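So the chains spell out like this:
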Amino acid sequence: MRILVSGGAGFIGSNFVWYLLGLGHEVLVYDAFTYAGRLENLPSTVRIVRGDIVDRDGLISVVRDFQPDVVVNFAAETHVDRSIRDPEPFIRTNVYGIFTLLEVTRRFDLRLIHVSTDEVYGDLEGKEPASEDAPLRPSNPYSATKASGDMLIMAYWRTYGIKASIVRPSNNYGPRQHPEKLIPKTIIRAVNNLPVIVHGDGSQRRDWLYVEDTCRAIWLVAERGRPGEIYNIPGFNERSVLEVVEKVLELLNKPKSLIRFVGDRPGQDRRYLMRGDRILSLGWRPMVNWEDGLRMTIKWYLENEWWWRPLISDEYFVKDTPWQ
Ligand SMILES: NC(=O)c1ccc[n+]([C@@H]2O[C@H](COP(=O)([O-])OP(=O)(O)OC[C@H]3O[C@@H](n4cnc5c(N)ncnc54)[C@H](O)[C@@H]3O)[C@@H](O)[C@H]2O)c1
């Protein structure tokens, strides 16, 4: 199949590209190469077009040229802390960019798989795990823009009958994740004997999913999912942030005394958790268990310092609480 992967130069997108190539598919990556997108993430054999999902003409020309069977969209601004500091790029890419993508999807009658997030359900502390029809209660600019994108997609499906499905993965971890995010940030800081940062008291709970399991779920939805349907992708692996950080330190043989507690994010969600009945009914299960996934991730960062070294001057890696 011919698959156009927008945002394919980032963390999950690039893992998805490697996965598709392994299955023998033809892939074209369309990516704006923001701070989060890197050529180094991609195999040298893959076709790459530098382009913005907000640019309708750019998208149209690549669709005309490549004639994809499926478009899978990962393109987004993704870091909650950045969205608190400056929401505008989030609104541009995660809302206006989705509008543009939808217009092109409609015009060329494309099959679209859009990658959303569990964060659209908001804080689930004291509540049941969210099924796909739970209310959207986003708490920060990032999750609000992702929820907006999802709503536009469902409206286009209902109004124009576009062939779009949405997937909502939980927190991903694995190789090639930017050091601004919790697990790589913890690994790299610990390896360098720098204080390891924990927001608040670290009791916030997240559901962790190894990136390869996410890739399999997304491709399953592309092949077998229904248009107009939303698919949660849980990790069935709920852990507190402190537990995650302590496990990384343990696997690296580093002392807990490296942990430094700092002020919590404004609007911090205490807990994300989803049900996964729909994706389970397609036959998907996560295959990588937590400890194996974490060991593989740590091994990758230890062996690929060339990859992360240029990124650690980033202020979201260096500073404790960049919004203050
Ligand atoms: N990482 C997670 O834990 C997680 C969990 C659930 C959902 N998601 C979602 O999965 C998707 C991918 O997340 P990620 O962690 O790989 O993100 P990432 O930040 O690593 O990568 C985002 C990619 O999108 C590209 N991009 C940004 N703006 C663009 C634009 N306007 N036009 C074209 N390309 C653009 C970037 O260059 C980069 O390659 C996002 O939609 C995110 O919301 C991520």
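Residues numbered from 1 in each chain as written. Predicted model: local features only at pLDDT ≥ 70, side-chain atom pairs only at ≥ 80, totals over all residues. Heavy atoms only, no water.

K.L.:
Give a description of the environment of Val196 that names residues and reports values.
P.N.:
By the secondary structure assignment, Val196 is in strand β8 (residues 196-199). Sequence spacing of Val196 and Lys185 is 11 residues, and the spatial spacing of their C-alpha atoms is 8.0 Å. If near-sequence neighbours (up to four positions away) are discounted, Val196 is found in contact with Thr186, Arg189, Ala190, Val245, Leu249, Leu258, Ile259 and Arg260. (Helix = DSSP H or I, 4+ residues; strand = E, 2+ residues; numbered from the N terminus. Contact = heavy atoms within 4.5 Å.)

K.L.:
Can you explain unusual backbone geometry? Please cite residues and give values.
P.N.:
Positive phi, close to 50°, is recorded for Asp109, a residue that is not glycine. Note that Asp109 resides in the loop between α4 (88-108) and β5 (111-115). A positive phi is found at Arg176, a non-glycine position, where the angle reads about 70°. Relative to the elements of secondary structure, Arg176 occurs in the loop between β7 (171-173) and α6 (182-191). Overall, Arg176 belongs to the buried group, its relative accessible area being 14%. (Buried < 20%, exposed > 50% of the residue type's maximum accessible area, 1.4 Å probe, protein only.)

K.L.:
Describe the nonpolar core, and please don't skip the residues or the numbers.
P.N.:
Val5, Phe16, Val72, Phe74, Ile113, Val167 and Ile218 are the most contacted members of the largest nonpolar core, which has 33 residues in total. Counting only elements with at least two residues in this core, the list comes to β1 (2-6), α1 (11-22), β2 (26-31), β4 (70-73), β5, α7 (211-224) and β10 (230-233). In terms of residue count, α7 provides more of this core than any other element does, eight residues in total. Once residues within four sequence positions are removed from consideration, Phe16 is found in contact with Val5, Val72, Phe74, Cys215, Ile218 and Trp219. (Core = buried A, V, L, I, M, F, W, Y, C linked by side-chain atoms within 4.5 Å.)

K.L.:
Let's hear about the site of the ligand: which residues, and what values?
P.N.:
Near the ligand lie 29 residues; those nearest to it are Ile12, Asp31, Thr78, Tyr142 and Lys146. Within the backbone of Ile53, one N or O atom sits 2.9 Å away from a nitrogen atom of the ligand. Elements with a minimum of two residues in the shell around the ligand: α1, α5 (141-160) and β7. Across the shell around the ligand, the residue classes break down as 13 nonpolar, 13 polar and three charged. (Near = heavy atom within 4 Å. Polar contact = N/O pair within 3.5 Å; in protein donor to acceptor, adjacent residues only side chain to side chain. Nonpolar A, V, L, I, M, F, W, Y, C, P; charged D, E, K, R; others polar.)

K.L.:
Describe the packing of aromatic side chains, with residues and values.
P.N.:
Per the counting criterion, the structure on display carries 11 aromatic pairs. Taken together, the ring pairs in this structure connect Tyr173, Trp208, Tyr210 and Trp290 into an aromatic cluster. Positioned over the ring face of Phe66 is Arg2, at 4.5 Å from the centre of the ring. In this structure, Arg82 packs its charged tip against the face of Tyr35, placed 3.8 Å from the ring centre. (Phe/Tyr/Trp six-rings, centres within 6.5 Å; stacked < 30°, edge-to-face > 60°. Lys NZ or Arg CZ within 6 Å of the ring centre and 35° of its normal.)

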